[in-house]
Amino acid sequence: MTGGQDTWSVRCVETRTAGAAGGPGKPTGSNPGRAPWSDPTGACYPSALYPLLARINAYLLRWLRKKHKRLRGRRTAQNAWNRAVKQRPRFFAHWAWVTWIPAVW
């Protein structure tokens, strides 16, 4: 921390001014090798988020199977998953888009 330059307020992206070194306001024209910012909300291609959200469901189901011994079997876990989705469709925010589970276990 020399000269107060290595503080959180200096490194924080939200406090950088437009055009600061590496900041979000830096124009891409000055560095042609830099890719444009991606849209994390999925406003352009929401279908591109479906595999990621389904993978989150797979992790949730794996956690559920490890936590409850009675759900160790695949079919039993799938039935419990389907019941949970049907009873509480808004329990997780991503269930508004994806409720299925990928075939990877």
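Residues numbered from 1 in each chain as written. Predicted model: local features only at pLDDT ≥ 70, side-chain atom pairs only at ≥ 80, totals over all residues. Heavy atoms only, no water.

Here we take up the confidence of the model for the chain. A residue-level look at the chain finds 58% of positions with pLDDT of 70 or above and a mean pLDDT of 74. Note that pLDDT drops below 50 for residues 6–16; the model gives that stretch eleven contacts with residues more than four away or on any other chain. (pLDDT = per-residue confidence, 0-100. Contact = heavy atoms within 4.5 Å.)

For helix H3 (residues 74–87), built from 14 residues, the straight-helix expectation of 20 Å at 1.5 Å per residue is met to within 8% by its first-to-last C-alpha distance of 20 Å. Looking only at H3, the buried set comprises Ala77, Ala80, Trp81 and Val85. Looking straight down H3, one finds that the buried residues subtend no more than 135° of arc, so they occupy a single side. Relative to its buried face, H3 has exposed residues pointing more than 90 degrees away, namely Arg75, Lys86 and Gln87. Against the buried residues of H3 lie helix H2 (50–67). (Helix = DSSP H or I, 4+ residues; strand = E, 2+ residues; numbered from the N terminus. Expected span 1.5 Å × (residues − 1). Buried < 20%, exposed > 50% of the residue type's maximum accessible area, 1.4 Å probe, protein only. Arc of directions from axis to C-beta.)

Taken together, the side chains of Tyr50, Trp97 and Trp100 make up a nonpolar region of the molecular surface, amounting to roughly 370 Å² of accessible area. Along the chain, the position of Trp97 falls in the segment after H3. (Patch = residues over 30% accessible without salt bridge, like charges linked within 9 Å, V, L, I, M, F, W, Y side chains within 5 Å. Areas by Shrake-Rupley, 256 points an atom, 1.4 Å probe, with all protein chains shown as cover. Salt bridge = Lys/Arg side-chain N within 4 Å of Asp/Glu carboxyl O.)

To continue, consider H2. Taking 1.5 Å of rise per residue, 18 residues should cover 26 Å, and H2 covers 26 Å from first to last C-alpha, within 8% of that figure. Listed in full, the buried residues belonging to H2 are Leu53, Ala54, Asn57, Ala58, Leu61 and Leu64. Along H2, the residues classed as buried sweep out an arc of 155° about the axis, all on the same side. Of the exposed residues in H2, those oriented more than 90 degrees away from the buried face are Pro51, Leu52, Trp63, Lys66 and Lys67. If you follow the buried residues of H2, they end up packed against H3.

All right, on to the packing of aromatic side chains then. Tallying each qualifying case throughout the model produces four aromatic pairs. Judged by centre distance (5.1 Å) and plane angle (75°), the rings of Phe92 and Trp95 are edge-to-face. Using a relative accessible area of 7% as the deciding quantity, one classes Trp95 as buried. Members of the aromatic cluster, joined through ring pairs, are Trp81, Phe91, Phe92 and Trp95. Over the ring of Tyr59 we find Arg55; its NZ or CZ atom is 4.7 Å from the centre of that ring. Cation over ring: Arg88 sits above Phe91, and NZ or CZ is 6.0 Å from the ring centre. (Phe/Tyr/Trp six-rings, centres within 6.5 Å; stacked < 30°, edge-to-face > 60°. Lys NZ or Arg CZ within 6 Å of the ring centre and 35° of its normal.)

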